[in-house]
Amino acid sequence: MDVAKDDEMEFSSDESDLEQEDDTGFEGVSRKASQWSQSSINRSLNSTGIHNLPPELIFEILGYINVKTLMSVVRFVSRYFSDLLNSPEFWEMRLAGCLTCPDDLDGLKVSNSELQQMHLVGLPQAVYEMESAKSLQHNSSVKKYTMSTNHYGDVHCIKILSNPAKQIAVSGSRDKTICVYDLDCIDSQEKCIINTNTDHNGWIWTLDQEDGQSSKIASGSWDSYIHFYDIGRGGLEKISDLSVHSAILCTRFEKNCLLYGTYSKFVAGYDTRSGNVAFKLKNHTKPVLSVAASPNYIWSSGEDNALVCHDRRMNKLFKRMRMERISSSIKFIEPYLWVAGYDGFIKCFNQDMKTLKKYDTGHRQPIMDMSHNMGATVTACKDGVVKLFSPNISPVLWNSFTLDNSASCVDYKDGTLMVGCCASSVLFWKNVNLE
C-alpha cells in the first residue's frame, strides 16, 4: 500500500476519537454564566454598587477590558472582583469568546487536553495571547512595517524574543548577518535596527532563544558554527561558540540544552552547562530540516520525507513515519505535536505519534515555515501568502497577508507578526489599537 493511502486511512480512523474528545471540551461553557451566582461566588448583594448587578452583566462589562488591566488593576478593586478574576469559570467563558467567530457556522472546538494545558499555563495568559493574535484579523487597525535596508540577502530565520524589559526581534540572512530590532521603536527604521552582527562566515539558517525568560539566544550557520549570545539593550554580546563540522539547519533551545539538526543527517544535543555534546542521533538519510522536543521525546523531520520520534527515556528510536511530502516545520506545544509541510497541510499528533487531525490550510505551494503557540498558528508559504489561524486543534482562518515575494520564515508573539522574505526584507504587522 502506498504512503498516501496509509496516511488517509490513519487520519480517517482517528477522526471519531477527536470528535469525541472535542465534544467534552467547551460544551456547555456558555451555561456557566447563569450558574455563576449559585456555584462560583458566594457574596452578599445587600450593599449598593456594581456588585448588585447580575453576574452575566458584569461578565459583559469586563469583556471590554483587556486582560492586563483586569489582572493588574481590576482584580485589586475589591474581594468580589478578586474572587471573580481568580476563578476558572470566568476565564473559560472569555476563552470561549476568543474561539468563536460570527462567520463560522460550526464554531471552534477545543479539546479537553488543550483546555487542561491552558489551566496549567494559566487561563488569563491563554486568553491574553489569543485575544492579541485575534486582533490582527481587523485589517483597519493593523499596521504593516517594512525593514528593507538591513539585509541584502534572503532572510532565512527570524525570532521575536521573550524579554520582560522590551520587545526585541532578530533575523538571520544569507548575507551572513544577524540584525537586532527594538520593536518599541518600530515607527522609525533607524531607531528600530539597534545592531547588526557579522560573526558568522556562512548563510545563517536558524535562530532560537533559550526556554523561559532567558536572555540567551543561539544562531546556526552554513559555516558549521553555532554561536551563543546574550541579548541586551545594546544588541548581541557573544558568550561562546560550538564547532559542529557540518552546516546547522535547525535548532531547538531548551533550558541548558541546545538541540540542533545538521546537513550531515544527524540530530545532536549540546549541554550548555558542561560544554559537551551529550548525544547524537542519526535517524535520517538526508539533511534534517526541523527539530522539536518534550521532556520525553525528540522529533525531527528531514529531506528524506521522514518524521522521526526518539524516546529520550529509553534512548532509542520510538517511531519513524514516511510522510507524503517534506515536513518543513514541526512545533511541540503541550499537549500536541504540530507539523507543516510542502503539501500545504497542518497535521496534529499526540506525543506517541498517533495522528489526530489533518487540516488543509488552502496553500497550494509548499509551506516554508510555521509558528505555533498559545496565541496563534501562522504559516508562511512559497506563494507569498501568510495565514493566521486560531491555535486550537480545529483551526479557523483569522486573516491572510499577501506579500510581493515568497515568504521564507515566520514568527508571532504578543500581538506582533514577523515575516522574513526571499527579497531581503523583514516585515512586521502590529495592531495599533492593542494596548
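Description of the structure in this document. (Residues numbered from 1 in each chain as written. Predicted model: local features only at pLDDT ≥ 70, side-chain atom pairs only at ≥ 80, totals over all residues. Heavy atoms only, no water.)

### Things to note about the sheet that holds strand E11 (residues 257–262)
Strands sit in the order E10-E11-E12-E13 across an open sheet of 4 strands; the sheet is antiparallel. Looking along the sheet, the strands with just one partner apiece sit at the ends: strand E10 (248–254) and strand E13 (276–281). The average undirected angle you get between the axes of adjacent strands in this sheet is 20°. Both strand E12 (residues 267–271) and E13 contribute to a ladder of 5 bridges, which runs antiparallel. Considered in E13, the bridge of Asp271 is made with Asn276. (Pairing = 2+ DSSP bridges. Helix = DSSP H or I, 4+ residues; strand = E, 2+ residues; numbered from the N terminus. Axes fitted to C-alpha atoms, helices over the stretch in contact; angles between N-to-C directions.)

### A closer look at helix H8 (residues 123–134)
If you check H8, its first and last C-alpha atoms are 16 Å apart, about what 12 residues at 1.5 Å a residue would give, namely 16 Å. Counting buried positions along H8 yields 10 of 12 residues, so the element is predominantly enclosed. All buried positions along H8 are accounted for by Leu123, Pro124, Ala126, Val127, Tyr128, Glu129, Met130, Ser132, Ala133 and Lys134. (Expected span 1.5 Å × (residues − 1). Buried < 20%, exposed > 50% of the residue type's maximum accessible area, 1.4 Å probe, protein only.)

### Points about the environment of Cys179
Along the chain, Cys179 falls in strand E4 (residues 178–182). For Cys179, a relative accessible area of 0% gives the class buried. When residues no more than four places from it in sequence are discounted, the contact partners of Cys179 are Asn150, His151, Ala169, Val170, Ser171, Asn195 and Thr196. (Contact = heavy atoms within 4.5 Å.)

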